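Topology and contacts: notes
The chain contents come next:
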Amino acid sequence: AAEPRVKFTQHSAAVKALAWHPRRKNLLASGGGSTDCTLRLWDTDRAVCKRAVETGSQVASVVWNTQGTELVTAHGYSNNQLALWTYPKLQRVAELTGHHSRALHLALSPDGATVVSGSADETLRFWKLFEPMTRHGGSSVAVAAGGTVLGSSNAGASGATGSTKWNGARKMVT
């Protein structure tokens, strides 16, 4: 029988979320269940946990943006939200609410701009979080359930949603 090359045992509940970094072959993100509630980044070549952050609720799914500079997590009990995180610091920069039950699944659109979340509330919700892929990459934009723009990772970006403009401190300028 084949043996695993590496085994990580730091999660303290079911591992519910896994996503490889889109550009670094040895970097894996994982999320733990309701008694763990951590988002972890693993260096699979060195067999070490590079970073871990307590999220406050179970991590059910995770996806990277196409540039590998941010991650989105889907959460269940108790907050049922999505969260946008910077990489490599794992700093939470936005929370996206709207699901009325556990957010269970995430998928990134082919153009890299939209994340769709599937929930136990029997809904799919579409979130325009990133600029579409271009030859020069894209920036991220956090949008709340009602379409309210919460922040942008590209200081000085303009036109993120219609005529919305941004200053360098991640605040919307009207």
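Let us now look at the pattern of salt bridges. Inspection of every chain in the model, using the stated rule, returns five salt bridges. A salt bridge links Arg 46 to Asp 43; its shortest N-O distance comes to 2.9 Å. Residue Glu 95 is joined to Arg 92 by a salt bridge in which the shortest nitrogen-to-oxygen separation is 2.7 Å. Overall, the relative accessible area of 36% leaves Glu 95 in the partly exposed class. A relative accessible area of 27% means that Arg 92 is categorised as partly exposed.

With that settled, the discussion passes to the sheet that holds strand E8 (residues 92–96). Reading across the sheet, the four strands line up as E5-E6-E7-E8 and stay open at both edges, with antiparallel pairing between neighbours. The two strands at the open ends of the sheet, each matched to only one other strand, are strand E5 (59–64) and E8. Averaged over all pairs of adjacent strands, the angle between their axes in this sheet comes to 20 degrees, without regard to strand direction. Of the pairings in the sheet, the one linking strand E6 (residues 70–75) to strand E7 (residues 82–86) comprises five bridges and is antiparallel in character. Counted as the bridge partner of Val 72 is Leu 84 from E7.

This paragraph deals with the packing of aromatic side chains. One pass over the full model with this rule turns up two aromatic pairs. Note on Phe 8 and Trp 42: the rings are 4.1 Å apart at their centroids and 25 degrees apart in plane angle, and the pair reads as stacked. With Phe 8 in the segment before strand E1 (15–20) and Trp 42 in strand E3 (residues 38–43), this pair connects stretches of sequence that are 34 residues apart. For Trp 42, a relative accessible area of 2% translates into the label buried. Measuring from ring centre to ring centre gives 5.3 Å for Trp 64 and Tyr 87, while their planes differ by 80 degrees; the resulting arrangement is edge-to-face. Of this pair, Trp 64 sits in strand E5 while Tyr 87 sits in the loop between E7 and E8, and the two are 23 residues apart along the sequence. In this structure, Trp 64 and Tyr 87 share a single accessibility class: buried.

Calculation notes
- Residues numbered from 1 in each chain as written.
- Predicted model: local features only at pLDDT ≥ 70, side-chain atom pairs only at ≥ 80, totals over all residues.
- Heavy atoms only, no water.
- Salt bridge = Lys/Arg side-chain N within 4 Å of Asp/Glu carboxyl O.
- Buried < 20%, exposed > 50% of the residue type's maximum accessible area, 1.4 Å probe, protein only.
- Pairing = 2+ DSSP bridges.
- Helix = DSSP H or I, 4+ residues; strand = E, 2+ residues; numbered from the N terminus.
- Axes fitted to C-alpha atoms, helices over the stretch in contact; angles between N-to-C directions.
- Phe/Tyr/Trp six-rings, centres within 6.5 Å; stacked < 30°, edge-to-face > 60°.

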